[in-house]
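Analysis of the macromolecular model
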Amino acid sequence: MKKFISVVMVVLLAVTMLPMTVLADNGPSDAPYAFLYAEELDNTGAQTGNHYTFYNECTAYENVYNGITYDKNTNELRFDRELTDTKLRICANMMGDDFAIRIDGRTSLEQIVVWGDGYGGNLTIKGSGELTVNARKNFDMAISMQAEGTAGKVSFDSDVKVTLYGKKCAVKIVGSSAKDIDNAFSFANSQSVNVTKQDCTVEQSESINGIYLSGYQLWGGLVCDSVSDPNGIYTVSQGWKGDDEETIFFWVHRYVYIPKYDTYMEDPSFGEYGSLEFTEDEWGQQTEYGPRQEPSDEPEQVAYYDADNLDVDWHYSADRVRNPADPDGYYGASQYSSQQDDVTVYGYAINRYITAPDSTKLIQDKDFKTLYVTEDEFKSSGWEFVMGMKDVYLECENSVNYSWMQVYTDKDGKKYAVEWGENVYDFTANDGVQVGDTFYNYVEKNDSVSVSSLTPSYTEKTVDGLYNYEIPATEFVYNGNGSAPVTPPAPAKTSIAKATVTGVKNKVYTGKALTQAITVKLGSKTLKNGTDYSVTYTANKNVGVATLTVTGKGNYTGSVKKTFKIIPKATTLSKLTAGKKQLTVQWKKQAAQVTGYQIQYSLKSNFASAKTVTVTKNSTVKTTIKKLAAKKKYYVRIRTYKTVGKTKYYSSWSAAKNTITK
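Going along each chain's sequence as written, the residues are numbered from 1 onward. Residue-level local features of this predicted model are given only where pLDDT is at least 70; pairs of side-chain atoms are given and counted only at 80 or more, and the full residue set underlies all totals for whole chains, interfaces and linings. To get the side-chain values, take all heavy atoms of the structure and skip hydrogens and water.

Glancing now at the overall build of the chain. What counts as a helix is a DSSP run of H or I of at least four residues, what counts as a strand is a run of E of at least two, and both are numbered from the N terminus. Assigned secondary structure in the chain consists of three helices and 58 strands. C-alpha extents for the chain along the principal axes are approximately 125 × 55 × 50 Å. Only protein chains enter the accessibility calculation, which uses a 1.4 Å probe. A residue is then buried if its area is under 20% of the maximum for its type, exposed if over 50%, and partly exposed in between. Counting every position in the chain, which comprises 662 residues, the buried fraction comes to 42%. Of the charged side chains in the chain, 71 are positive and 79 negative, and the gap between their average positions amounts to 11 Å. Charged residues are defined here as Lys and Arg on the positive side and Asp and Glu on the negative side; His and the ends of the chain fall outside this count. A charged residue contributes its charge at one atom only: NZ of Lys, CZ of Arg, CG of Asp or CD of Glu.

Listed below in structure tokens is the structure:
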């Protein structure tokens, strides 16, 4: 709004020629948003957060930076000493047509950016020193003049020596009202410089957000109900450990139904990174989300403990039953069989349970004598099983991927969506679905069209009466009346080949590319990601061995590699049924990146001397273990495995179930 008001005022004054006060050409603007500051960057050109303000809100500041001063009377930012070891970018807004940077020593800067903002902001480089800008070539241009409808002139005095580097050009003036090159650039020694001029245009690339069938099954996890959004679909992934292997996290995701593919997709706009994260304590205290449950076809389990050994983790279990004569009591039944006249009679052993003193754990009520009833007696006496509840999981046959895509066109003008610069998709504009705050187009893979046959689609808008100017050289030297300036040498780089990389942990397969939260140290110094090094990954999605490579950047070179395992997702036991000298085990199917299952069973809760059964098909969800001892309590647990090459990768074990054989 401030820019628009300034421009409108200038136009009205020019047209009406009324005797009103006009905005000053020279000196900084009195507007509160006129400013002049230096900001410190790192070796890659990223901001470090260190700012040094010389002028802001109509106030000039002194003693801001050793060797740099601002004189409001002359409107000059002065460099009074040699400053080649700094990484400063100079930023100026609405500083007037006489704004100058005076170089009296040897100085290196990262970039100079000047905005006119409808008021005016020329730039003159003056003095008798040597200035080098953008030697590291982090930026497209050394001097960026955003004239914003003003003259936006860049001038070089006769005695100063300037070397400018740019990835695309040395100097660029955008949106200048100057109608010819002499009003855009001034060289005091009449040096012949190649300057280009073009109409000011806004080049806007087209892009879409696309969704498409991914080809693998969606497993959303445990469904949650939301108090504030009762009609929404939410899930929670429970019990995953953090990188410290101690903190347990819970992640809540929101899902949206995708009609074309008859499935759901995560809402990427939900939460900071597409999810909400809770620690175990936070999850226990929050009241917004609660796991959804539905009636089970299995009885509720009674977990009871040895009264003389309450501190142990293991417990006994029985099916909960309701006593018609004592409906408020807590009872459990276990199956048993007996021989009567050479006939096997099946029935239930029923016990009553109470809370142990000074504890929340249940123990067997010693004052209640175990009641043995046959199955017929159980029914005729009015006993009944108390049915439990089971968790609801979001599972779908299909899953979709979502991606930002660039719009390309062929020679006939037909539009395509291109992902990562290589995958081509057909799409129809406005054919899609709204997910959160974003519209996603349906796209279909088109392998018959190559990216090389397409061109990016752009919309160019010409801005009437404004022009862009640039010095197209990527290495521009202005000698003034003296000799060529001295270019600061590139900083020496240190190898990180012997750096220590910590924080690499094994991961659980999620269907997404997995990364690590690492710490990189070289000696006693902790290096900064993005500044001192970058991290890349290979084979970090599927089960197996992934590799991360830490590569030096900025002042560092070389690389170091680390590997970590990706193990398959675990599964859970859904049912354990006792038979005569046998057990029938049922579990939840886990097909993604799983070859099969490994089942362990033991007479001991710690699985000492356990035996193992291997199921080699991931589609199998039930097996029977035979030749067991009769009337013995067995403990059972399960894990998944994936065979990669000649190596098997195992998930963590499920929680154990136990029952007594007949």
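All right, on to the confidence of the model for the chain then. Residues with a pLDDT of 70 or more make up 93% of the chain, whose mean pLDDT is 87. Low confidence marks residues 1-24, where pLDDT is under 50. Its contacts with residues over four positions away, or in another chain, come to 17 contacts. pLDDT measures the predictor's confidence residue by residue and takes values from 0 up to 100. Whether two residues touch is decided by their heavy atoms; if any such pair falls within 4.5 Å, the residues are in contact.

Think of a sheet as strands paired side by side through backbone hydrogen bonds, with each pair either parallel or antiparallel. Only when DSSP finds a minimum of two bridges between them are two strands counted as paired. Ordered by their spatial adjacency, four strands build an open sheet running β44-β50-β48-β47, and the pairing between neighbours is mixed. The sheet terminates laterally at β44 (507-508) and β47 (533-538), the two strands that pair on one side only. Both β44 and strand β50 (residues 559-567) contribute to a ladder of two bridges, which runs parallel. Paired with V508 across the bridge in β50 is I567.

Bringing the pairing of strand β56 (residues 633-644) into the picture now. Extensive coverage of β56 is indicated by the burial of nine of its twelve residues. Inspection of the sheet shows strand β53 (residues 596-602) paired to β56 by seven bridges, in the antiparallel sense. In the sheet register, Y597 faces β56, and the bridge partner there is T640. Inspection of the sheet shows β56 paired to strand β58 (residues 657-660) by four bridges, in the antiparallel sense. Looking at the pairing, Y635 lines up with N658 of β58. Note: β56 against strand β57 (residues 647-650), four bridges, orientation antiparallel. In the sheet register, Y641 faces β57, and the bridge partner there is Y650. Where β56 folds back on β57, the antiparallel hairpin that results is connected by two residues, among which G645 adopts a positive phi of roughly 65°.

Next up on the list: the side chain of E110. Tracing the chain through its elements places E110 in the loop between β8 (106-109) and β9 (111-115). A residue is classified by how much of its surface remains accessible, and E110, at 4% relative accessible area, is buried. The residues contacting E110, other than those within four sequence positions of it, are L41, T86, K87, L88, V133, N134, R136, N138 and F139.

A word on the nonpolar core. One finds L36, L77, I101, I112, L164 and F185 to be the most contacted residues of the largest nonpolar core, which totals 52 residues. Apart from residues lying up to four places away in sequence, L77 is in contact with L36, F54, I68, T69, Y70, I90, F99, A100, I101 and R102. Joining through side-chain atoms within 4.5 Å is the link that ties buried Ala, Val, Leu, Ile, Met, Phe, Trp, Tyr and Cys residues into a set, and such a set is a nonpolar core.

Salt bridges are counted wherever a side-chain nitrogen of Lys or Arg sits within 4 Å of a carboxyl oxygen of Asp or Glu. Inspection of the entire model under this criterion finds 25 salt bridges. Note that R102 is salt-bridged to E76, the shortest N-O span being 3.2 Å. Linking R102 in strand β7 (residues 100-103) with E76 in strand β5 (residues 76-79), this pair joins segments that are 26 residues apart in sequence. Several salt bridges converge on common partners, so that one network encompasses D71, E76, R78, R102 and K126.

Two aromatic rings, drawn from Phe, Tyr or Trp (for Trp, its six-membered ring), form a pair once their centres lie within 6.5 Å of each other, and the interplanar angle then sorts them: stacked below 30 degrees, edge-to-face above 60, tilted otherwise. Per the stated rule, a full pass over the model turns up 33 aromatic pairs. Geometrically, the ring pair formed by F250 and W283 is stacked, given 5.5 Å between the ring centres and 5° between the ring planes. With a gap of 33 residues between them, F250 in strand β21 (residues 248-258) and W283 in helix α2 (residues 280-285) connect regions that are remote in the sequence. Of the two residues, F250 and W283, both sit in the buried class. With 5.1 Å between their ring centres and 35° between their planes, F378 and F385 make a pair best called tilted. We classify F378 as buried; its relative accessible area is 4%.

This part takes up the sheet that holds strand β11 (residues 130-133). Overall, mixed pairing links the four strands, which are arranged β8-β11-β14-β41 in an open sheet. One side of each edge strand has no neighbouring strand; the edge strands of this open sheet are β8 and β41 (475-478). The sheet shows a mean angle of 10° between the axes of neighbouring strands, taken without regard to direction. Two strands pair when backbone bridges link them, and β11 and strand β14 (residues 161-165) are joined in this way by four bridges, in the parallel orientation. Bridging across to β14, L131 finds its partner in V162. Axis geometry follows a simple rule: fit a line to the C-alpha atoms, using only the stretch in contact for helices, then measure angles between N-to-C directions, giving values from 0 to 180 degrees.

Below, the discussion takes up the pairing of β9. Regular strands place side chains that alternate from one sheet face to the opposite one. The buried count for β9 comes to four of five residues, which makes it a mostly enclosed element. Bridge count for strand β6 (residues 88-93) against β9 is five bridges, and the pairing is parallel. Across the sheet, the residue bridging to N93 is W115, located in β9. Bridge count for β9 against strand β12 (residues 143-146) is four bridges, and the pairing is parallel. Directly across from I112, in β12, lies its bridge partner I143.

This part takes up the environment of I625. By secondary structure assignment, the location of I625 is in strand β55 (residues 622-625). The spatial distance from the C-alpha of I625 to the C-alpha of W587 is 14 Å, given a sequence separation of 38 residues. Among residues more than four places away in sequence, those in contact with I625 are K581, Q582, L583, V585, I599, Y601 and V613.

Here the focus is the environment of R254. Considering the arrangement of structural elements, one finds R254 in strand β21. Expressed as a C-alpha distance, the spacing of R254 and V501, which sit 247 residues apart in the sequence, is 35 Å. As used in this structure description, the phrase polar contact means that two N or O atoms lie within 3.5 Å; if the pair is within protein, one of them must be able to donate a hydrogen and the other to accept it, and residues adjacent in sequence are counted only when both atoms belong to side chains. Within polar-contact distance, the side chain of R254 engages the side chain of Y234 at 3.4 Å.

Turning to its location among the elements, Q598 is positioned in strand β53. Taking relative accessible area as the criterion, Q598 reaches 10% and is therefore assigned buried. In terms of polar contacts, Q598 uses its side chain to reach the side chain of R639, at 2.7 Å. Excluding anything up to four places from it in sequence, Q598 contacts T612, V613, T614, R637, I638, R639, Y641, Y650 and W653.

We now examine unusual backbone geometry. The phi dihedral of E148 is positive, around 55°, even though this residue is not glycine. A residue is classified by how much of its surface remains accessible, and E148, at 22% relative accessible area, is partly exposed. The phi torsion at D358 lies on the positive side, around 60°, for a residue other than glycine. By the element assignment, D358 lies in the loop between β29 (343-355) and β30 (362-364). The class of D358 is exposed, set by a relative accessible area of 87%.

Attention now goes to the state of the cysteines. Defined simply, a disulfide is a covalent bond joining two cysteines at their sulfur atoms. Cysteine sulfur atoms that pair up within 2.5 Å are treated as a disulfide. Under the defined criterion, the tally for this structure stands at zero disulfides. We note that C200 lacks a disulfide partner, and the nearest cysteine sulfur, in C169, lies 14 Å from it. On the basis of relative accessibility, which here comes to 7%, the residue C200 falls in the buried class. Not part of a disulfide, C224 finds its nearest cysteine sulfur in C396, a span of 16 Å. With relative accessibility at 0%, the residue C224 sits in the buried group.

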